[in-house]
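Observations on the model geometry
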Amino acid sequence: QVQLVESGGGLVQPGGSLRLSCEASGFIFSVVDMAWYRQAPGKQRELVAGILGNGITNYVDSVKGRFTISRDNAKNMVYLQMNSLKPEDTAVYYCTVGSRRYWGQGTQVTVSS
């Protein structure tokens, strides 16, 4: 069965960094597009970053230049490196597949002084 497990969230000060990880299993990871979404209280879930199986990436404008999505197909892992964090980045971050059929449990990121 498909499983996605996020980790790496936490409390960080503005300007700080976090690296989120998503461990995937139950499918042929290398050919599946992956993505990170986030959902803040009272807001809709939004796409933050995506990475195709071939490595092409895309980002929502608000995180361009600050976040980097990457993948390690040998380890079935996808990462989100988050730098220069802002309070508005506070949200639960979710890992998902290209079809959006499967989601991880989410990991909380809080950016606050």
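Fair warning: this is a prediction, and the values are worked out from it, not measured in the lab.

Rules used throughout
Residues numbered from 1 in each chain as written. Predicted model: local features only at pLDDT ≥ 70, side-chain atom pairs only at ≥ 80, totals over all residues. Heavy atoms only, no water. Pairing = 2+ DSSP bridges. Helix = DSSP H or I, 4+ residues; strand = E, 2+ residues; numbered from the N terminus. Axes fitted to C-alpha atoms, helices over the stretch in contact; angles between N-to-C directions. Salt bridge = Lys/Arg side-chain N within 4 Å of Asp/Glu carboxyl O. Buried < 20%, exposed > 50% of the residue type's maximum accessible area, 1.4 Å probe, protein only.

Here the focus is the sheet that holds strand β1 (residues 3–7). One open sheet holds the four strands; their spatial order is β1-β3-β8-β7, and the pairing between them is antiparallel. Across the chains shown, the open sheet's two edge strands, defined by having one partner strand only, are β1 and β7 (67–72). Taken over all neighbouring pairs, the strand axes of this sheet differ in orientation by 15° on average, direction set aside. As defined by bridge partners, β7 adjoins strand β8 (residues 77–82) across six bridges and the pair is classed as antiparallel.

Glancing now at the pattern of salt bridges. Following the criterion strictly, the structure yields four salt bridges and no others. Between Asp89 and Arg38 there is a salt bridge, with the nearest N and O atoms lying 3.0 Å from each other. Placement of the pair is Asp89 in the loop between β8 and β9 (91–97) and Arg38 in strand β4 (residues 34–39), with a sequence separation of 51 residues. Just as Asp89 is buried, Arg38 falls in that class too. Residue Asp61 pairs with Lys64 through a salt bridge whose shortest N-O separation is 2.9 Å.

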